[in-house]
Amino acid sequence: MIKFGVAGIPLTSKGRTYIDSIEDVANLGLNSLEVQLLRVNVSEDPAIEYVDMYPRDVTDSIIVDVLRPDENGNYKSIGTEKQIEEDDIIQELFWNMARNYDELKEGSKIAKELDVDISMHSPYYMDLLNGGEMAEKSINHLRWSLLIGKAMGAKRVVTHTGFYTKRKSESLKKALEIYTGIAGELPHKDGYPYIGVEASGKKDLFGTQKELFYLAERIPDIEPILNFPHIHSLNNGSLIEAKNFEDVINAFSKYAKYDLYTEFGGVDYDNGNELKITAIKHGDLKFETLADVISTEDKDMDIISMSPLLEHDAQYMELMYWRALSKKYQKKLAKKI
């Protein structure tokens, strides 16, 4: 089955919460929502008012970690599954999409009832590889995304990796180390989403097909994410003919979890670098060509609109797909006659 959806809250939504977004996506006739971890604030606070509570029982924030002193007084993470004690420090996440774990759980239930697939995208600016404060912040955001994604029933958390280090070979080794650590800490076998590492659209950013496949072959919880505009840009306009789309779909399908998860939009690019994402009808990356390809493929796919015309272009893609499918059946019928 081919499902279409949006990256973020639909533009026509009046509500701004996770639950509102699910209901609005379903009302638009779409079947997939990529929730974005944006505009969040995280603070570290003494845990006194939450003593003897479990993090999931707190109603006015999403507790993403509990720090507990060891025998030497050094605070270390104990996760979110144990009761809070008096000397603990809690990391509280405040987010406009959901206030607490109960709202995440309720949204997960509604999504299942409305047949809306849920995925999540970590913050768009990530720099996992270059060390320092920014790398620590990026790793924490990915951890928190996986934690929240588990609570909301997300299949995968999509993430960028960020800038290369000085050498690409060192970057690949560092990426393998970091993703191995995160997947070991928050594994899919314990109910956490898969880690969807997104293809890059710029030369200075980690994420060629070869790099993504290298990670996926070594870390079972890694899923390469097929972002058509990024791949088209990085390879300076490589997705023109039907065979171009067929080849990239077949390559990514080998590593897909559940279904093949993809993102689509128009794109301006120059010399192997994405300049900006545009409306789908703009530029030389044509969805009509992709629609013809997937109408003849027997694959389960999620196609997420990342266009500035978010749900409008998601609905346009769905229409183009059904038209392509209709043409296919008309041709089959004509041959029989």
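Residues numbered from 1 in each chain as written. Predicted model: local features only at pLDDT ≥ 70, side-chain atom pairs only at ≥ 80, totals over all residues. Heavy atoms only, no water.

Asker: Got a minute to help me understand the packing of helix α2 (residues 101–113) against helix α3 (residues 132–152) in this structure?
Answerer: Geometry of a packed helix pair, given as the angle between the helix axes and the separation of the axes. Two elements in contact, α2 and α3, have axes whose closest approach is 7 Å; the angle formed by their N-to-C orientations is 55°. Judged by the angle between their axes, α2 and α3 are oblique. For the pair α2 and α3, the contacting residues are Tyr-101, Leu-104, Lys-105 and Ser-108 in the first and Leu-147, Ile-148, Ala-151 and Met-152 in the second. Class assignment for the residues of the contact of α2 with α3 results in six nonpolar, one polar and one charged. (Axes fitted to C-alpha atoms, helices over the stretch in contact; angles between N-to-C directions. Helix = DSSP H or I, 4+ residues; strand = E, 2+ residues; numbered from the N terminus. Parallel < 35°, antiparallel > 145°, perpendicular 65-115°, else oblique. Contact = heavy atoms within 4.5 Å. Nonpolar A, V, L, I, M, F, W, Y, C, P; charged D, E, K, R; others polar.)

Asker: Sorry, what's going on with the pairing of strand β7 (residues 117–121) here?
Answerer: Note on strand geometry: in a regular strand, side chains alternate between the two faces of the sheet. Among the five residues that make up β7, five are buried, leaving the element largely enclosed by the rest of the structure. By the alternation rule, side chains of β7 split into Asp-117, Ser-119 and His-121 and Ile-118 and Met-120, which are all buried. Summarising the sheet, strand β2 (residues 32–36) and β7 pair through five bridges and their orientation is parallel. Paired with Glu-34 across the bridge in β7 is Ser-119. For β7 and strand β8 (residues 156–159), the ladder comprises two bridges, and the chain directions are parallel. Residue pairing for β8: His-121 is matched across the bridge by Val-158. On the question of chirality, the crossover connecting β7 to the parallel β8 by way of α3 is right-handed. (Buried < 20%, exposed > 50% of the residue type's maximum accessible area, 1.4 Å probe, protein only. Pairing = 2+ DSSP bridges. Right-handed = clockwise from strand over helix to strand, strands pointing away.)

Asker: Looking at this structure, I do not really get the layout of surface pockets. What am I missing?
Answerer: If a probe as big as a water molecule is rolled over the atoms, it shows which places are left empty. The computed volume of the largest pocket comes to approximately 440 Å³. Elements supplying a minimum of two residues to the lining of the largest pocket: β2 and β13 (273–278). Counted by class, the lining of the largest pocket contains 10 nonpolar, 10 polar and five charged residues. Taken together, 17 residues form the lining of the second largest pocket, with Val-64, Asp-65, Ser-77, Gly-79 and Glu-185 sitting closest to its centre. Listing elements by their share of the lining of the second largest pocket, those giving two or more residues are β4 (62–69), β5 (75–79) and α3. (1 Å grid on protein atoms, 1.4 Å probe; cavity = no way out; pocket = protein on both sides within 12 Å on 5 of 7 lines; lining within 4 Å. Points joined across faces, edges and corners; volume = space filled by probe spheres on them.)

Asker: Please explain helix α4 (residues 168–185) as it appears in this structure.
Answerer: Owing to its 3.6 residues per turn, the α-helix aligns residues three or four sequence positions apart on the same side. Here α4 is 18 residues long and its end C-alpha atoms lie 26 Å apart, about the 26 Å a rise of 1.5 Å per residue gives. Those residues of α4 not exposed but buried are Ser-171, Leu-172, Ala-175, Ile-178, Tyr-179, Ile-182 and Ala-183. On an axial view of α4, the arc spanned by its buried residues comes to 135°, and they lie on one face. Facing away from the buried side of α4 by over 90 degrees, the exposed positions are Ser-169, Lys-173, Glu-177 and Gly-184. (Expected span 1.5 Å × (residues − 1). Arc of directions from axis to C-beta.)

Asker: I'm lost on the environment of Ser-307 in this one. Help?
Answerer: Assignment of secondary structure puts Ser-307 in the loop between β14 (301–305) and α9 (310–336). A distance of 2.6 Å separates polar atoms of two side chains, one belonging to Ser-307 and the other to Asp-313. (Polar contact = N/O pair within 3.5 Å; in protein donor to acceptor, adjacent residues only side chain to side chain.)

Asker: Hey, could you run me through the pattern of salt bridges in this one?
Answerer: Pairing of side chains with opposite charge becomes possible as their charged atoms draw close. Tallied over the entire structure, the rule returns 15 salt bridges. Between Arg-156 and Asp-259 there is a salt bridge whose closest N-O contact spans 2.9 Å. With a gap of 103 residues between them, Arg-156 in strand β8 and Asp-259 in the loop between α7 (242–253) and β11 (260–264) connect regions that are remote in the sequence. Given a relative accessible area of 0%, Arg-156 falls into the buried group. For Asp-259, a relative accessible area of 6% puts it in the buried group. (Salt bridge = Lys/Arg side-chain N within 4 Å of Asp/Glu carboxyl O.)

Asker: Looking at this structure, how should I read the sheet that holds strand β3 (residues 40–46)?
Answerer: Strand pairing in a sheet relies on backbone hydrogen bonds. The paired strands run either parallel or antiparallel. With respect to topology, four strands assemble into an open sheet ordered β3-β6-β4-β5, the strand pairing being antiparallel. Each having just a single partner strand, β3 and β5 make up the two edges of the open sheet. Averaged over all pairs of adjacent strands, the angle between strand axes in this sheet comes to 30°, irrespective of strand direction. Where β3 and strand β6 (residues 89–95) come together, seven bridges link them in antiparallel fashion. Within β6, the residue paired with Glu-44 across the bridge is Gln-91.

Asker: So what exactly am I meant to see when it comes to a positive patch on the surface here?
Answerer: Together, Lys-281, Arg-323, Lys-327 and Lys-331 give the surface a local cluster of positive charge. Its location among the elements puts Lys-331 in helix α9. (Patch = residues over 30% accessible without salt bridge, like charges linked within 9 Å, V, L, I, M, F, W, Y side chains within 5 Å. Areas by Shrake-Rupley, 256 points an atom, 1.4 Å probe, with all protein chains shown as cover. Lys, Arg positive; Asp, Glu negative; His and termini not counted. Charge placed at Lys NZ, Arg CZ, Asp CG, Glu CD.)

Asker: Can you help me understand the side chain of Lys-257 in this one?
Answerer: Of note, Lys-257 is situated in the loop between α7 and β11. Buried within the structure, Lys-257 lacks any salt-bridge partner; Asp-221 is the closest side chain of opposite charge, at an N-O distance of 6.2 Å. Discounting residues that sit within four places of it in the chain, Lys-257 has contacts with Arg-156, Tyr-194, Pro-220, Ile-222 and Glu-223.

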